[in-house]
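Structural overview
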Amino acid sequence: MPELPEVETIVRELKKVLISRKIINVEIKEPLLIGFPGNSVQFKEGIVGQKIINVSRRGKYIILVLSEEKRMIIHLRMSGKLLFKNSYDRYGKHTHIVFKLDNNKDLRFNTIRKFSRVYLIEDKCLENAGGFVNLGPEPLGDDFTLRDFKLLFKGRKAIIKSLLLNQKFMAGLGNIYTDEALFRAGIKPTRRADSLTDKELSKLYKAIRKVLAEGIKYGGTTFSDYVNAMGQKGDFQGELMVYQRGGEKCYNCGHKIIREKICGRSTHYCPGCQQ
DNA sequence: CGAGGTACCTGACAGC
DNA sequence: TGCTGTCAGGTACCTC
């Protein structure tokens, strides 16, 4: 479900409440969600007693830095939620893993579709955390310059939509923010990466950074059921120019927004504004 | 490298 | 009511 701005919002909330807390127990109701180590007994033994030192993010992955040089890395995929709750709150139907904290609070891992994964790894074995080690650069990083962005395109010929969705190319964009960034840059999603002009690449760089920063400012996009760790919805859906607006008029030029399947994902763009 | 397909899961919704 | 098909904010893996 969440893309970079939603994950960043969750991380900012969790930082306020999780740092210095100790995990005193874990209830695993759905072992399928554990990506590493292979069995839930090992996972539980490894995590009980750990103190949470910090909470951060890389791409769409949430990172809990733990004591004893370990990390818990979580990817929410399509429908995942990480919720901070009172321990006496009723479990939801889709609460699959519960981390009991030392202050009568819980960190709960919820997901309807069971695509989400949690990895408990040693700091020195990051490769055990799925695609974590193969992530491309952070688009909002202070050190990620226009020059760096342009260099990424060297030798790439893929359709721009698919390239932006590729986490190895760049980390954090998903279907919503890719469509929104391409609209703001005036680039049709079916364009080949090697057909983009220098000027278009500059516009795209700025559009990606802007749309992600705004997404964070608004606390993410709640299209159906996204909520942050405190159960609050996002507000960026009000700022969407094309996503989920198929058949409606473009706010900018009045053309009807097109919705069609591109690279296997439903894609939204304006035929008037995007060339 | 890249395109297209499948797979993983559950639920909402449209159409019959 | 209930069946079937389609769709969903993601990614891994396979084949060509």
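These numbers come from a predicted model, not from an experiment. (Residues numbered from 1 in each chain as written. Chains lettered and ligands numbered in written order. Predicted model: local features only at pLDDT ≥ 70, side-chain atom pairs only at ≥ 80, totals over all residues. Heavy atoms only, no water.)

**Some remarks on the packing of aromatic side chains**
Inspection of every chain in the model, using the stated rule, returns 10 aromatic pairs. Geometrically, the ring pair formed by F43 and F99 is tilted, given 6.4 Å between the ring centres and 55° between the ring planes. Here F99 lies in strand β7 (residues 95-101) and F43 lies in helix α2 (residues 40-47), a separation of 56 residues in the sequence. Here the two residues F43 and F99 agree in accessibility, since each one is buried. Seen in terms of ring centroids, Y61 and F132 are 5.4 Å apart; in terms of plane orientation they differ by 85°. Their pairing is edge-to-face. Remark: F132 occurs in the loop between β9 (117-122) and α3 (146-152) and Y61 occurs in strand β4 (residues 61-66); sequence separation between them is 71 residues. Comparing Y61 with F132 shows no difference in burial state: the two are buried. These aromatic residues form a ring-pair network of at least three members: F144, F149, F153, F169 and Y205. A cation sits over an aromatic face here: R245 above Y251, 3.7 Å from the ring centre. (Phe/Tyr/Trp six-rings, centres within 6.5 Å; stacked < 30°, edge-to-face > 60°. Helix = DSSP H or I, 4+ residues; strand = E, 2+ residues; numbered from the N terminus. Buried < 20%, exposed > 50% of the residue type's maximum accessible area, 1.4 Å probe, protein only. Lys NZ or Arg CZ within 6 Å of the ring centre and 35° of its normal.)

**As for the pairing of β7**
Within a regular strand, the side chains alternate between the two sheet faces. For β7, a buried count of 7 out of 7 residues is recorded, marking the element as mostly surrounded by other parts of the structure. With 5 bridges connecting them, strand β1 (residues 23-28) and β7 associate as antiparallel partners. Note on β7: the bridge partner recorded for N25 is K100. Direction of pairing for β7 relative to strand β8 (residues 105-111): antiparallel, over a ladder of 5 bridges. The partner of T95 across the bridge, within β8, is N110. Between the end of β7 and the start of β8, which pair antiparallel, lie 3 residues, with N104 showing a positive phi angle near 60°. (Pairing = 2+ DSSP bridges.)

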